Number of protein chains: 2
Amino acid sequence: MARRPGLTEDVVVNAAIELVNTQGVEQLTVAALAQKLAVRPPSLYNHVRGLDGLRQAMVLRGLRALTAKMQTAVMGRAGFEALVSLAQAYRAFAAEQPGLYALTLRSNENADPEAQAAGQAAIDVVLAVLHGYGLEGDAALHATRVLRSALHGFVSLEMAGGFALPLSLDESFDQLLCTLDCGLRNGFGQNANPDSSPLQQ
Amino acid sequence: MARRPGLTEDVVVNAAIELVNTQGVEQLTVAALAQKLAVRPPSLYNHVRGLDGLRQAMVLRGLRALTAKMQTAVMGRAGFEALVSLAQAYRAFAAEQPGLYALTLRSNENADPEAQAAGQAAIDVVLAVLHGYGLEGDAALHATRVLRSALHGFVSLEMAGGFALPLSLDESFDQLLCTLDCGLRNGFGQNANPDSSPLQQ
DNA sequence: CGCAAAAACTAATATAATTAGTATTATAAC
DNA sequence: GTTATAATACTAATTATATTAGTTTTTGCG
């Protein structure tokens, strides 16, 4: 039932992903995408619900690809080794697909159920790694947030060109991981220095 | 030499900041801003170099305001207390001016010299705090990246609605700070567990 | 009082997303 | 094999956007 170019949602979404990865998230326009696919802009609306629907579909694929990459990374590993492997996979994903990563980690506010499930799957991988640190329950959930914050923060600053100095990024990333490891092994779930802590004002 | 509404660059930029803080970064349009100022869109071009120039000016103010807030926060404090105060100021800034924060931490790639200087001033505050941890030289610079990553990651995930679970955000933030404190006090500058580290492959 | 410059305006252009409606073509039913 | 149907790409039109050009008005200063 297709006509000349034989578009499908898959083809459109993949082309869009390629476009944001090479040109940046801002350059994702219906016009540019249509040109890339040798088609007139309105034709895309047969396969995708406008720019918003397109972005949603891209986010879903991004989350799933990231989760798959992380799952592979932690297979057969535990403790610090698993943490490092997970983190490297995370950072590598952002480096390989910068546009898709930026889009994926933009906003989870209006996420549809599918996207929320995909997000949960990603979190489950992190939780599995934290299990190896002996963390369970609320402590593990807090630790998940800490881990995600650190990884997302580093990666997004790196991508945004926020680290200007001529200083090894790999080394900084290693230090970040050592810091996380240190925090996860010591004193997670209770305050590190309960007495003098300014947290208990 | 002004005419009726008496616009100035300050008035325009401040209105734009108010707009992004209340409506979100995506809603910053020349049309919306002009309407807010009771003026026709082209009039804004007498005070601001289009949307790009406007954003640049906003970023500059954002960086300076954030720096000022952080400087106040660390005055007279040291060590963990300074770290906590700095972090709380950082997070509070993002909460008070979400749109401006999002805009500010977007991209430092094409930053003009003024913005770069403002960014450096912010980093200097962090360096001062790290001085209290006995960190100097490259170790301090790596630590700055670690700190910025963690803070920016947490804050931007929080703002994007990335933390969905019904679990105290304040507590997660405290855990993040304890983790950072732990990493900064132990083993920064050298590997925490040199022997079995997967980092030395 | 008049002059010059700043500032706001109208009008026009260009690009973008999106919708409506039309034509074509491939698949499936007969 | 022919025909009906539905998918799909198209043209045309609408709306919203940023931006530039050129005009008019006002205001501060000599």
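The structure under discussion appears in the preceding block.
What you see is a predicted model, and the numbers here were worked out from it, not measured in a lab.

## Observations regarding the relation of the copies chain A and chain B
The pair of chain copies shares a relation made of a rotation about an axis and a shift along it.
Next up, step 1: It takes a turn of 180° to lay chain A on chain B, together with a shift of 0.0 Å along the axis; the resulting RMSD is 0.0 Å. Between the two chains, the operation in question is that of a two-fold axis. Among all C-alpha atoms of chain A, that of G153(A) lies closest to the rotation axis, at 1.8 Å.
Next up, step 2: Of the residues that chain A buries at the interface, 98% are likewise interface residues in chain B, meaning the two copies contact each other through the same surface.

## Some remarks on helix α6 (residues 113-131) of chain A
Residues and elements named next belong to chain A.
Next up, step 1: Its 19 residues place the ends of α6 26 Å apart at the C-alpha level, agreeing with the 27 Å of an ideal helix rising 1.5 Å per residue.
Next up, step 2: Buried within α6 are the following residues: A115, A118, G119, A122, I123, V125, V126, V129 and L130. Along the long axis of α6, the arc covered by the buried residues comes to 150°, so they all point the same way. Within α6, the exposed residues directed more than 90 degrees away from the buried face are P113 and Q116.
Next up, step 3: On its buried side, α6 packs onto α3 (50-74), α4 (79-96), α7 (137-159) and α8 (169-185).

## Points about the packing of aromatic side chains
Next up, step 1: Counted according to the given criterion, the structure contains 6 aromatic pairs over all chains.
Next up, step 2: Their ring planes at 80° and their centres at 5.6 Å tell us that Y90(B) and Y101(B) sit as a pair that is edge-to-face. Of the two residues, Y90(B) sits in helix α4 (residues 79-96) while Y101(B) sits in helix α5 (residues 98-104), which places them 11 residues apart along the sequence. In this pair, the class of Y90(B) matches that of Y101(B), namely buried.
Next up, step 3: Where F154(B) meets F173(B), the ring centres are 4.9 Å apart and the plane angle is 50°; that geometry is what we call tilted. With F154(B) in helix α7 (residues 137-159) and F173(B) in helix α8 (residues 169-185), the pair connects residues that are 19 residues apart, well separated along the chain.
Next up, step 4: Using a relative accessible area of 0% as the deciding quantity, one classes F154(B) as buried.
Next up, step 5: An aromatic cluster of three or more residues is present, and its members are F154(A), F163(A) and F173(A).
Next up, step 6: The positively charged end of R91(A) is found above the aromatic ring belonging to F173(A), 4.9 Å away from the centroid.

## Thoughts on the nonpolar core
Next up, step 1: M58(A) and M58(B) are the most contacted members of the largest nonpolar core, which totals 131 residues.
Next up, step 2: Among the elements that make up this core, the one with the highest residue count is α7(A) (10 residues).
Next up, step 3: Contact partners of M58(B), with chain neighbours within four places excluded, come to V13(B), A16(B), I17(B), V20(B), L28(B), L100(B) and L103(B).

## Some words on the packing of α7(B) against α8(B)
All names here are of chain B.
Next up, step 1: Two numbers describe how α7 lies on α8: the axes approach to 11 Å, and their chain directions differ by 170°. Classified by the angle between their axes, α7 and α8 sit roughly antiparallel to one another. Side by side, α7 and α8 meet where A143, V146, L147, A150, L151, F154 and E158 of the first sit next to L169, S172, F173, L176, L177, L180 and L184 of the second.
Next up, step 2: Its residues placed into classes, the contact of α7 with α8 shows 12 nonpolar, 1 polar and 1 charged.

## Observations concerning unusual backbone geometry
Residue and element names in this part refer to chain A.
Next up, step 1: Although it is not a glycine, A38 adopts a positive phi angle of roughly 55°.
Next up, step 2: Structurally, the position occupied by A38 is in the loop between α2 (30-36) and α3.
Next up, step 3: Assessed through its relative accessible area of 64%, A38 is described here as exposed.

## Some points on the interface of chain A and chain B
Next up, step 1: Contact with chain A, which involves 55 residues of that partner, is made by 54 residues of chain B.
Next up, step 2: Between chain A and chain B, roughly 4600 Å² of surface is buried when both sides are summed, and carbon and sulfur atoms account for 64% of that area.
Next up, step 3: Remark: the boundary between chain A and chain B carries 0 salt bridges.
Next up, step 4: Counting the contacts that link chain A with chain B gives 16 residue pairs in polar contact (both at pLDDT 80 or more).
Next up, step 5: Taken together, the elements giving at least two residues each to the side of chain A that touches chain B come down to α4, α7 and α8 of chain A.
Next up, step 6: Looking at the side of chain A that touches chain B residue by residue, the class counts come to 23 nonpolar, 22 polar and 10 charged.

## Observations concerning the packing of α8(A) against α8(B)
Next up, step 1: Look at α8(A) against α8(B): their axes get within 8 Å of each other, and the N-to-C directions meet at 110°. Between α8(A) and α8(B), the angle is such that the two are roughly perpendicular. Regarding α8(A) and α8(B), the two cross each other, and that crossing is right-handed. Two secondary-structure elements touch here, α8(A) through T179(A), L180(A), C182(A) and G183(A) and α8(B) through T179(B), L180(B), C182(B) and G183(B).
Next up, step 2: Looking at side-chain class alone, the contact of α8(A) with α8(B) contains 4 nonpolar, 4 polar and no charged residues.

What counts as what
Residues numbered from 1 in each chain as written. Chains lettered and ligands numbered in written order. Predicted model: local features only at pLDDT ≥ 70, side-chain atom pairs only at ≥ 80, totals over all residues. Heavy atoms only, no water. Least-squares fit on C-alpha atoms with pLDDT ≥ 70 in both. Contact = heavy atoms within 4.5 Å. Helix = DSSP H or I, 4+ residues; strand = E, 2+ residues; numbered from the N terminus. Expected span 1.5 Å × (residues − 1). Buried < 20%, exposed > 50% of the residue type's maximum accessible area, 1.4 Å probe, protein only. Arc of directions from axis to C-beta. Phe/Tyr/Trp six-rings, centres within 6.5 Å; stacked < 30°, edge-to-face > 60°. Lys NZ or Arg CZ within 6 Å of the ring centre and 35° of its normal. Core = buried A, V, L, I, M, F, W, Y, C linked by side-chain atoms within 4.5 Å. Axes fitted to C-alpha atoms, helices over the stretch in contact; angles between N-to-C directions. Parallel < 35°, antiparallel > 145°, perpendicular 65-115°, else oblique. Nonpolar A, V, L, I, M, F, W, Y, C, P; charged D, E, K, R; others polar. Buried area = accessible area lost by both parts, 1.4 Å probe. Salt bridge = Lys/Arg side-chain N within 4 Å of Asp/Glu carboxyl O. Polar contact = N/O pair within 3.5 Å; in protein donor to acceptor, adjacent residues only side chain to side chain. Left-handed = near helix turned anticlockwise from the far one by under 90°.

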